[in-house]
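# Report on the structure
Spelled out from the first residue to the last, the chains are:
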Amino acid sequence: FPFLFGVMYGDIGHGSVLAMGGLYLIMTEARANSRGMDEMLSGVYGARYMLFAMGLFAVYAGMVYNDYFSLGLDLFGSKYTYPEDSEDGTKAVAQFSYGDPQGVYPFGADPAWKISGNELLFFNSMKMKMSVILGISQMSLGIILKG
């Protein structure tokens, strides 16, 4: 579950906040037990490891999606350029020819997608396909392991 949550929620910033919240719950559990907890707080502390894992997987997926609080990160530079006098609707130009290994982005999505006109369509499609493929794979593995 935490991995599929990360695939659907992938964002470095939001995942970091969730992971830090889970880590806080992990670190303060002994103190909270000594003070006594009501039923709701007990349930939150019961999910502390799940929240932490969900945050870590969301950070990983955010790195794949190149999302930090919904803003694109330019970690490795883009493999596309725009002309100097570009206006809205100008197409990006690939720096390398199709099939050239140097044109492959090192990790995650190229930051040029964040400023493209079809950004939302591209990322929603990619996230949905990844979620479905990983979900079916996980369920199939569970069926195979159960026998």
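Residues numbered from 1 in each chain as written. Predicted model: local features only at pLDDT ≥ 70, side-chain atom pairs only at ≥ 80, totals over all residues. Heavy atoms only, no water.

## Some remarks on the pattern of salt bridges
Counted under the stated rule, the structure contains two salt bridges. Notably, a salt bridge pairs Arg-48 with Glu-29, separated by 3.5 Å at the nearest N-O pair. On the criterion of sequence distance, the pair formed by Arg-48 in helix 5 (residues 48-65) and Glu-29 in helix 3 (residues 29-35) is long-range, its members being 19 residues apart. Given a relative accessible area of 14%, Arg-48 falls into the buried group. A relative accessible area of 22% means that Glu-29 is categorised as partly exposed. Between Lys-127 and Asp-67 there is a salt bridge, and its shortest N-O distance comes to 3.9 Å. Here Asp-67 lies in strand 1 (residues 67-68) and Lys-127 lies in helix 6 (residues 119-146), a separation of 60 residues in the sequence. The class of Asp-67 is buried, set by a relative accessible area of 6%. (Salt bridge = Lys/Arg side-chain N within 4 Å of Asp/Glu carboxyl O. Helix = DSSP H or I, 4+ residues; strand = E, 2+ residues; numbered from the N terminus. Buried < 20%, exposed > 50% of the residue type's maximum accessible area, 1.4 Å probe, protein only.)

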